[in-house]
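Results of the structural survey
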Amino acid sequence: MKALIIGGSGGLSGMLASMAKETYEVWALTRGKRPLGAGIIPLCADRDDREGFKKAILGAGVTWDVVFDCICMNERHAEQDLEVLPFVSSRLVVISTDSVYDPARKATPQAEDGFFVEEKGAPEECSYAGNKRKMENVFLRYFSGEGEHRLNVTLFRPGHIYGPGFLLGCYPEHSRQKELPDLILAGQPLSLVTGGIHITQPVFVRDLARTMLDSVNREGAFQQIFCIGGPEAVENRLYYEILGRLLGVEIPYGNCLSPDTLMPIPNIPAIYATGSTIYRN
């Protein structure tokens, strides 16, 4: 069997490519600026070059059993997928984000329905969350369209992804901060939004990649969007405290609520990925 990964050299896409090799012959479409894993067949195009993207994929002369789009960032990218991919595959799995939910009305765990970030304007004028939601809306219109779907599509909305290939840090002001371990070791106080009391449900990169692979042949996942998180929901401050324990230091907090005043974390039911399927507690 054959799989195409749009991306392929990033944290999630690189892990996905490595794991997909156990089942598939794997191609990866990237800009060619970073090395791919051993055995991955390269295709080169800039995702934002519409004609170059189309030429690279159609010019490969391959029919893939599945395409995984790990870098579908806006409505233009979604439109590209629906324009080009039906000619080379009948299955598409796309990564979105749980950032599409309005942060003021977001729940943990978050059901698929909810209140969303809705923005107007070109991709260059919209936020990351706004662009991802507009991308989803392209697929939602496709799902609701009449007639046969030539391309069966599944979207996943992960929260914070952690593991090999990802920088540490979740939630401002220390999200994906390269120097974060050095700041912790140096004893620099961390600035956590509202003292780090916001709940996060991080997902391990290997679990997310495994779920993407497992969804390929599941008809119940066709034309669907799924939220996905890890098995535990925790306050953001606990995320940083775990980092501190691993580094052998205590986390000093800056101008924020004292951890001693915060309520304990409740036992929250989780939507999570494990093994070969998606479960809801």
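Definitions and limits used
- Residues numbered from 1 in each chain as written.
- Predicted model: local features only at pLDDT ≥ 70, side-chain atom pairs only at ≥ 80, totals over all residues.
- Heavy atoms only, no water.
- Helix = DSSP H or I, 4+ residues; strand = E, 2+ residues; numbered from the N terminus.
- Salt bridge = Lys/Arg side-chain N within 4 Å of Asp/Glu carboxyl O.
- Buried < 20%, exposed > 50% of the residue type's maximum accessible area, 1.4 Å probe, protein only.
- Pairing = 2+ DSSP bridges.
- Axes fitted to C-alpha atoms, helices over the stretch in contact; angles between N-to-C directions.
- Contact = heavy atoms within 4.5 Å.
- Phe/Tyr/Trp six-rings, centres within 6.5 Å; stacked < 30°, edge-to-face > 60°.
- Lys NZ or Arg CZ within 6 Å of the ring centre and 35° of its normal.

1. Considerations on unusual backbone geometry
With the exception of glycine, the majority of residues adopt a negative phi angle, and the majority of peptide bonds are in the trans configuration. Of note in this structure, R176 is not a glycine but carries a positive phi near 50°. By secondary structure assignment, the location of R176 is in the loop between β7 (161-162) and α5 (180-185). One non-glycine residue, Q223, lies in the positive phi region at around 55°. Position of Q223 relative to the elements: it lies in the loop between α6 (205-214) and β10 (224-228).

2. Quick notes on the pattern of salt bridges
What the rule picks out here adds up to 15 salt bridges. One salt bridge connects D69 with R47, and the closest N-O pair in it is separated by 2.9 Å. Here D69 is found in strand β4 (residues 66-69), whereas its partner R47 is found in the loop between β3 (41-44) and α2 (50-59), with 22 residues between them in sequence. A relative accessible area of 0% places D69 in the buried class. On the basis of relative accessible area, R47 is assigned to the buried category, the value being 7%. With a closest N to O distance of 2.6 Å, D214 and R218 form a salt bridge. One continuous salt-bridge network, built from bridges that share partners, spans E118, R133, E136 and R157.

3. Comments concerning the sheet that holds strand β5 (residues 91-95)
Across the sheet, seven strands lie side by side as β3-β2-β1-β4-β5-β6-β10; this open sheet has parallel pairing. The two strands at the open ends of the sheet, each matched to only one other strand, are β3 and β10. On average, each strand axis in the sheet is inclined to that of its neighbour by 20°, with strand direction left out of account. Bridge analysis of β5 against strand β6 (residues 152-158) gives five bridges, and the strand direction is parallel. In the sheet register, V94 faces β6, and the bridge partner there is L155. Across the sheet, helix α4 (residues 128-144) lies against β5, β6 and β10, angled at about 150° from β6, the strand it touches most.

4. Overview of the packing of aromatic side chains
A full pass over the atoms with the stated rule returns six aromatic pairs. Taking the centre distance of 5.2 Å and the plane angle of 75° together, the rings of Y239 and Y240 count as edge-to-face. Lying over the aromatic face of F116, R133 brings its terminal NZ or CZ to 3.7 Å of the ring centre. Here R150 stacks its cationic end above the ring of F87, 5.1 Å away from the centre of that ring.

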